[in-house]
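Descriptive analysis of the structure
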Amino acid sequence: MTMLLTGWMLYTLWIVLGFMALDFLVGLYHALRTKDFTPSLILSYLQDTLYYVFPLLLLAGISALDSTGWIVLTGYYVGAFGIALKYLLSLKSKL
């Protein structure tokens, strides 16, 4: 089974990964500025990738099996919106 990332799904995944990267860079800047750098900063983003991005990719993979064509896509977009909102609020609190 191949993964099917088409159109808006790909853009949505890039938005999620962009917010994650931006949040990481802001956190890294603050950690280096305050000289409080720990490996947990990097490990937390690896963990978030496993907990948040991997399920999106799993939903993208099973979207071909959805006979209605919209149930799995709705879950994908709601999940991606939640992740983007989480990182947007995290960025707001860091700035």
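The structure under discussion appears in the preceding block.
Throughout what follows, the structure given in this document is the object of discussion. Here the residue numbers are simple positions, counted from 1 along each chain's written sequence. Only residues with pLDDT of at least 70 get local features here, since the model is predicted, and only at 80 or more are side-chain atom pairs given and counted; chain-wide, interface and lining totals rely on the full set of residues. In computing side-chain properties, one takes all heavy atoms of the structure into account and sets aside hydrogens as well as water.

1. Regarding the packing of helix H2 (residues 39-62) against helix H3 (residues 71-94)
Between the N-to-C directions of two axes lies an angle of 0 to 180 degrees, each axis being a line fitted to C-alpha atoms and, for a helix, fitted only over the stretch in contact. Labels follow the DSSP assignment, with helices taken as runs of H or I lasting at least four residues and strands as runs of E lasting at least two, numbered in each case from the N terminus. Interaxial distance between H2 and H3 falls to 8 Å at its minimum, and their mutual angle equals 160°. Comparing the axis directions of H2 and H3 gives the class roughly antiparallel. Regarding H2 and H3, the two cross each other, and that crossing is left-handed. Here H2 contributes Tyr-45, Asp-48, Tyr-52, Leu-56, Leu-59, Ala-60 and Ile-62 to the contact with H3, which in turn contributes Val-72, Gly-75, Tyr-76, Gly-79, Ala-80, Ile-83, Lys-86, Tyr-87 and Lys-94. Roughly parallel refers to an angle under 35 degrees, roughly antiparallel to one over 145, roughly perpendicular to one between 65 and 115, and oblique to any angle outside these ranges. Each crossing gets its hand from how the near helix is turned against the far one by less than a right angle, where anticlockwise is left-handed and clockwise is right-handed. Two residues qualify as a contact provided that any one of their heavy atoms is within 4.5 Å of a heavy atom in the partner residue.

2. Things to note about H2
Each residue after the first adds 1.5 Å to the expected span of a helix. Relative to the 34 Å expected for 24 residues at 1.5 Å per residue, H2 spans 34 Å between its end C-alpha atoms, a close match to the ideal helical length. At Val-53, H2 shows its strongest bend, of approximately 30°, with the proline Pro-55 following within four residues. Only protein chains enter the calculation, and the probe is 1.4 Å; a residue is then buried if its accessible area is under 20% of its type maximum, exposed if over 50%, and partly exposed in between. Within H2, burial applies to Leu-41, Tyr-45, Asp-48, Val-53, Leu-56, Ala-60 and Gly-61. Buried residues along H2 sit against helix H1 (8-33) and H3. Values of bend correspond, residue by residue, to the angle between axes fitted over the seven residues ending at that residue and the seven starting there.

3. Some thoughts on the packing of aromatic side chains
Two aromatic rings from Phe, Tyr or Trp, using only the six-membered ring of Trp, form a pair when their centres are within 6.5 Å; if the ring planes differ by under 30 degrees the pair is stacked, by over 60 it is edge-to-face, and anything between is tilted. Taken as a whole, this structure holds four aromatic pairs when the rule is applied. Ring centres of Trp-8 and Tyr-11 lie 5.8 Å apart, and the angle between their planes is 80°; on these two criteria the pair is classed as edge-to-face. Residue Trp-8 and its partner Tyr-11 are both found in helix H1; the two are separated by three residues, about one turn of the helix. Judged on exposure class, the residue Trp-8 and its partner Tyr-11 are both exposed. Centroid distance Phe-24 to Tyr-45: 5.2 Å. Interplanar angle 80°. Geometry classified as edge-to-face. On the criterion of sequence distance, the pair formed by Phe-24 in helix H1 and Tyr-45 in helix H2 is long-range, its members being 21 residues apart. What makes Phe-24 partly exposed here is its relative accessible area of 22%.

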